[in-house]
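This is what each chain is made of:
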Amino acid sequence: MLKSVLAAVIITACAGSVSAQTTDGAAVLKEIAGKMAATECAKGSVNFEVMLPSAPDPVVYTIAIESRKAPADTITGCDYLVDWTLHKQDGGASTGFAAYFDGNHFRYRDIKLQEYHVSDDPVPFLGEKGVALSAQFASLVPQIMARQIAKMASDTTYVYKVTKNAERITVRGVERIHGYDAMEYEYVFDAKTGLPVSIDQLYNPASITEQTNAGHFTWVVSNDCTALTKESLTARYPEVFEKYRVSNFKVHSLLGAAMPAFSARATDGSRYVHDRNTGFAQRTVIAVLDPAVASAEQTVRDLRLAADSSPVPFSIIFAVADNDADKVRTLTGTLRDGETALSSARSLVRDCGISVFPTLLFCNTKGIVKEIQLGTNNNLPDIVIQKTTICD
């Protein structure tokens, strides 16, 4: 439906109908933007779907938004909390959030809580792609969406048609960059409040990277937006701040959680990629090694001894924190069935909070980290057998 409507929009716009250059259309957009930017307190929820051409079903999110106008704030113009849940096909869910207030930004996803503070470093906050404006789903916050709508009113890359009645204002059009349609869109706003009712965005139309985003908003009339503080955010997400804050993040935080996503070069020249929430073909030991540590070679031998004696088969991934593939080949020697050797695994080391070598991560077939072993041990083969046996 969106494509057929937008095709008509393009034709009428080119014929001189309502477009980015039309005073009335631009005036309506500025009016909408002004109302959203001036919203004192916005509380609502969004049913948000993302459709990719390679997927038969949409990716579905439920998003809760709370934002409060902050006129003195030059970064976002508001304080906000966006709490989201990703609903999975198997019935499970992933959660995350993004928050900004008084020059502080927190974002949590994939068991990692990142934080940014203007007082420490203002650079990450600069520009339209600053961390507080580009956080996941921050663009759905009314005071932030107001910036995009105001931009459309004066940016000639946006061609649109505005229709208005007593209840709804609808904006349909395309974003055209260098002669190509980068996005087709439809925004529907409440005519009285200016708050969004629905959005429909089709990125890269008619291409292999085509993606559709669709969101439907429900707002609660309220003047009671609680002020956000570090204390209130910590109280709302105590486990996240205790276990996953970057400054506190240690490898033991991974216990019971899905193995983080990682990607590294394999010694056979291919690229190994593991996506979070993706399982392994069988129980897997990820051995994070540093060739500069004297025990690295013995760890490789002990893991192979364990594999030969274990009553339960398991795979081994040698993840080596060194960019020199030759060093990795020397360390691991000839790989056996069920073994993979990776070089340049520094991102894995960082994202898992690893500071001790070797570190062994024992994952079950669902990709969950069930056991962890730090450092060397004279009984390492027996320990590996024991941990892989109970790693189900």
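Before reading on, note that the structure itself is shown above.
Every chain is numbered independently, its residues counted from 1 as its sequence is written. For a predicted model such as this one, the threshold for reporting local features is a pLDDT of at least 70, and the threshold for listing and counting side-chain atom pairs is 80 or more; totals across whole chains, interfaces and linings nevertheless cover every residue. The side-chain values count all of the structure's non-hydrogen atoms but skip hydrogen atoms and water molecules.

Enquirer: Mind laying out the pattern of salt bridges, listing which residues take part and the relevant values?
Expert: Salt bridges are counted wherever a side-chain nitrogen of Lys or Arg sits within 4 Å of a carboxyl oxygen of Asp or Glu. Under the criterion given, the structure shown has 20 salt bridges. Between R168 and D190 there is a salt bridge; the shortest N-O distance is 3.7 Å. With a gap of 22 residues between them, R168 in strand β8 (residues 168-177) and D190 in strand β9 (residues 180-190) connect regions that are remote in the sequence. Here R168 falls in the partly exposed class, since its relative accessible area comes to 32%. Each of R304, D308, R336 and E339 takes part in one network of salt bridges that share partners. Think of it this way: any DSSP run of H or I at least four residues long counts as a helix, any run of E at least two long counts as a strand, and we number them from the N terminus. Between buried and exposed lies partly exposed: a residue is buried under 20% and exposed over 50% of the maximum accessible area for its type, with that area taken using a 1.4 Å probe on protein chains only.

Enquirer: Please provide a residue-by-residue account of the pairing of strand β3 (residues 78-87), values included.
Expert: Burial analysis of β3 places nine of its 10 residues in the buried class, which makes it a mostly covered element. Relative to β3, strand β2 (residues 59-69) is paired through 10 bridges, and the arrangement is antiparallel. Each bridged residue has a counterpart across the sheet, and for E66 the counterpart in β3 is L81. Bridge analysis of β3 against strand β4 (residues 93-101) gives eight bridges, and the strand direction is antiparallel. Bridge pairing in β4 places L81 opposite A99. As consecutive antiparallel partners, β3 and β4 are separated by five residues, and within that stretch G91 has a phi angle of approximately 95°, a positive value. In this description, strands pair whenever DSSP reports at least two bridges between them.

Enquirer: Go over the sheet that holds β3, please, and point to the residues and values.
Expert: In spatial order, the strands read β6-β5-β4-β3-β2-β1-β11-β10-β9-β8-β7; together these 11 strands make up an open sheet with antiparallel pairing. The sheet is open, and its two borders are formed by β6 (112-117) and β7 (158-164), each paired with just one other strand. Pairs of neighbouring strands in the sheet enclose a mean axial angle of 10°, with direction left out of account. Two residues form a contact once any of their heavy atoms are found within 4.5 Å. Each axis is a line fitted through C-alpha atoms, taken for helices only over the stretch in contact, and angles between the N-to-C directions span 0 to 180 degrees. Against the sheet, helix α4 (residues 142-154) engages β1 (41-51), β2, β3, β7, β8, β9, β10 (196-203) and β11 (211-220), with an angle of about 125° to β9.

Enquirer: Let's hear about the nonpolar core: which residues, and what values?
Expert: Only buried residues count toward a nonpolar core. Its members are Ala, Val, Leu, Ile, Met, Phe, Trp, Tyr and Cys residues joined through side-chain atoms within 4.5 Å. Core analysis: the largest hydrophobic core is formed by 47 residues, its most contacted members being I63, Y80, L140 and I149. Apart from residues lying up to four places away in sequence, I149 is in contact with L29, I32, A33, M36, Y187 and F189. Listed in part, the 38 residues of the second largest apolar core include A99, L228, I354 and I372.

Enquirer: Can you lay out the environment of S94 for me, pointing to particular residues and giving the numbers?
Expert: Take S94: it is sitting in strand β4. Sequence separation between S94 and N277 is 183 residues, and the spatial gap between their C-alpha atoms is 9.4 Å. Contacts of S94, omitting those with residues within four sequence positions, involve W84, T85, L86, K88 and N277.

In short, geometric facts, not functional conclusions.
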